[in-house]
Amino acid sequence: MKTSLSGQLPHLVEADWLVVPVPEGFPLDGALAQLDEALGGGITRLKSLNDFQGKGGETAVLPAPSGLVARRLLLVGLGSVSKLSVATWNRALQTAARAISSRATDRVALSLSSVPLGNFTLPHLVQLATAAFEVGSRGQDLFKSEPKRRPIPHLEILLSEQNPSAELQSAVTVGQAIAEGVNLARRLVNLPAEAMYPESFAAEARAVAEACGLTYKVLEQPALEQEGMGSLLAVARGSDRPPRLVVLSYEGTTEPGAKVLALVGKGVTFDSGGLSLKPNDSMLTMKCDMAGAATVLAAVQAIARLKLPVRVIGLMGLVENMTGGRAMKLGDVLHSRAGVTIEVQNTDAEGRLVLADVLDYALTLGADYLVDLATLTGACVVALGEEVVGAMSNNQAWCDRVLAAAQAAGEDAWQLPMFAHYDELIKSDIADIRNVGGRWGGAITAAKFLERFVRDKPWVHLDIAGPAFASSDKPHREGGGTGVMVRTLVELARSFQGEV
Ligand code: BES
Ligand code: ZN
Ligand code: ZN
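What you see is a predicted model, and the numbers here were worked out from it, not measured in a lab.

Draft legend 1. Spatial organisation of the coordination of the zinc ion (ligand 3). Every protein donor of the zinc ion (ligand 3) is listed here as K266 (NZ), D271 (OD), D289 (OD) and E350 (OE), and their distances to the metal cover 1.9 to 2.4 Å. Here the zinc ion (ligand 3) binds 6 donor atoms, and the angle range of 77 to 173° at the metal identifies the geometry as octahedral. All donors of the zinc ion (ligand 3) belong to a single chain; written as a sequence motif, their spacing is K-x4-D-x17-D-x60-E. Here the zinc ion (ligand 3) and the zinc ion (ligand 2) are spaced 3.2 Å apart, with D271 acting as a shared donor. Placement of the pair is K266 in strand β9 (residues 260-271) and D289 in the loop between α9 (280-283) and α10 (291-305), with a sequence separation of 23 residues. Under the relative-accessibility criterion, D289 is labelled buried at 1%.

Put into structure tokens, the structure is as follows:
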């Protein structure tokens, strides 16, 4: 999508669609009054009919409106002005983008000259709008003969300024880079496991590295064995697809003493459950089990494109969890790279086995601050629902930073406790720990397992099992991969000054 900024008046803009966001109970003044007048009172009539009140996500279409140069008008509700947030703006703008991208368009104009700014700056809104239209116009219809959504070739954002500042122009670039990250994560999650397996994921990562000037390193089976990653390798054993560990490094600063932010992703390209096999309904969406790794790749791509002055390493542990003849078995004792021995009591709790070795490797590479992302537990979905990310941490200050980044990005994350007594639940009779924690508190016992591998470094675990994959469409977002937490990680990197 090519996005431009202009000072054109809404009623004079040449476009297939003119999109106008309006707050609830909107007063007909300023630019909106001007538009209403051009329409011969069309918006006034719509308002008096009560057909459109400007409620959050509400839409109204006026086809072939006389008085406008644009061929169609779409009004989209913002809800109450006092409740405007990043999340409500994203919802409204993505709803608009989805509504108009169900058929082919060439030019779309979005009027930001008539909207209340509230606590927002104009560059921030321009960034959100650019991203929302790029994300909202992209479908999950990768293999449909007739696509459900069509990308928007040109977006023109209308502002009151005749000459948009450099700051406004760079807001477009930021929005575009974030959206391309979100869409990359979505595409990788949406691809079926036949297309997205450890080697093909690694090839995608290599392509991103080459395009963005990142250092790319891949550990194949012999290197993983050499590193002693017995935990990750055990998961891979049941599959014909060999595992990979991909490391991308981005050096955005040479500042002496700059700390390294490590982003670690679970990349289980398909989770059959192994021999503790999942039932059909639970397995149905398990191509999404590499969403953590996809989020890491997408975030590192966006951070590099934005040339943020930070040091980031992105680590992606890539395996397929299958039931082949050499698959790990219940009762097996695994030797992790960190030297911690693990009794396998459920082969479906494989994500933590992968992350254990990857987190330990991240420390060897010099990670100072860690965030891992994983579709780790159904228990987290039970606790928080499908739309909220679970956050668990060993360091409150670092966790607060990550949660603040999520809030700034308009993504919902909620912290779960990590009391020491949960550690009792992952004790094993034969080994140091076991890979399940019993019936209760499953999201937390999984995090407690991971905590054993981060050696007191500031670490936040984000369980994205609920929000990473949406089972159905909503007006503001497509079903399938969502790209959740890409925006948050970019926000975190933007705020990351090396120290908490
Ligand atoms: N990949 C799943 C978790 C998951 C569930 C992701 C739903 C997305 C949606 C994970 O590997 C898993 O199977 N976890 C088990 C752990 C249990 C065996 C301790 C679970 O949650 O049931
Ligand atoms: Zn599993
Ligand atoms: Zn899994």
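Draft legend 2. Just the sheet that holds strand β1 (residues 2-6), in detail. The 6 strands are arranged β1-β6-β5-β2-β4-β3 in an open sheet whose pairing can be described as mixed. With one partner strand each, in any of the chains shown, β1 and β3 (59-63) form the two edges of the open sheet. Strand-to-strand, the axes of this sheet are offset by a mean angle of 20°, without reference to chain direction. When β3 meets strand β4 (residues 72-77), the two strands line up antiparallel, connected through 5 bridges. Counterpart to A60 in the pairing with β4 is L75.

Draft legend 3. Local environment of the coordination of the zinc ion (ligand 2). Taken together, the protein donors to the zinc ion (ligand 2) comprise D271 (OD), D348 (O), D348 (OD) and E350 (OE), at separations of 2.0 to 2.2 Å. For the zinc ion (ligand 2), the single-chain donor residues occur in sequence as D-x76-D-x1-E. Judged by its relative accessible area of 0%, E350 is buried.

Draft legend 4. Representation of the site of ligand 1. Looking at ligand 1, there are 15 residues lining it, with K278, D289, D348, E350 and G378 nearest. Within the side chain of D289, an N or O atom sits 2.9 Å from a nitrogen atom of ligand 1. D348 places a polar side-chain atom, nitrogen or oxygen, 2.8 Å from an oxygen atom of ligand 1. Here ligand 1 has 510 Å² of accessible area as a free molecule, and 76% of this is covered by the chains. Counted by class, the shell around ligand 1 contains 4 nonpolar, 4 polar and 7 charged residues.

Quick notes on the rules
Residues numbered from 1 in each chain as written. Chains lettered and ligands numbered in written order. Predicted model: local features only at pLDDT ≥ 70, side-chain atom pairs only at ≥ 80, totals over all residues. Heavy atoms only, no water. Donors = N, O, S within 2.8 Å, 3.2 Å for Na, K, Ca; no water. Tetrahedral: all angles 85-135°; square planar, octahedral: opposite > 155°, others 65-115°. Helix = DSSP H or I, 4+ residues; strand = E, 2+ residues; numbered from the N terminus. Buried < 20%, exposed > 50% of the residue type's maximum accessible area, 1.4 Å probe, protein only. Pairing = 2+ DSSP bridges. Axes fitted to C-alpha atoms, helices over the stretch in contact; angles between N-to-C directions. Near = heavy atom within 4 Å. Polar contact = N/O pair within 3.5 Å; in protein donor to acceptor, adjacent residues only side chain to side chain. Areas by Shrake-Rupley, 256 points an atom, 1.4 Å probe, with all protein chains shown as cover. Nonpolar A, V, L, I, M, F, W, Y, C, P; charged D, E, K, R; others polar.

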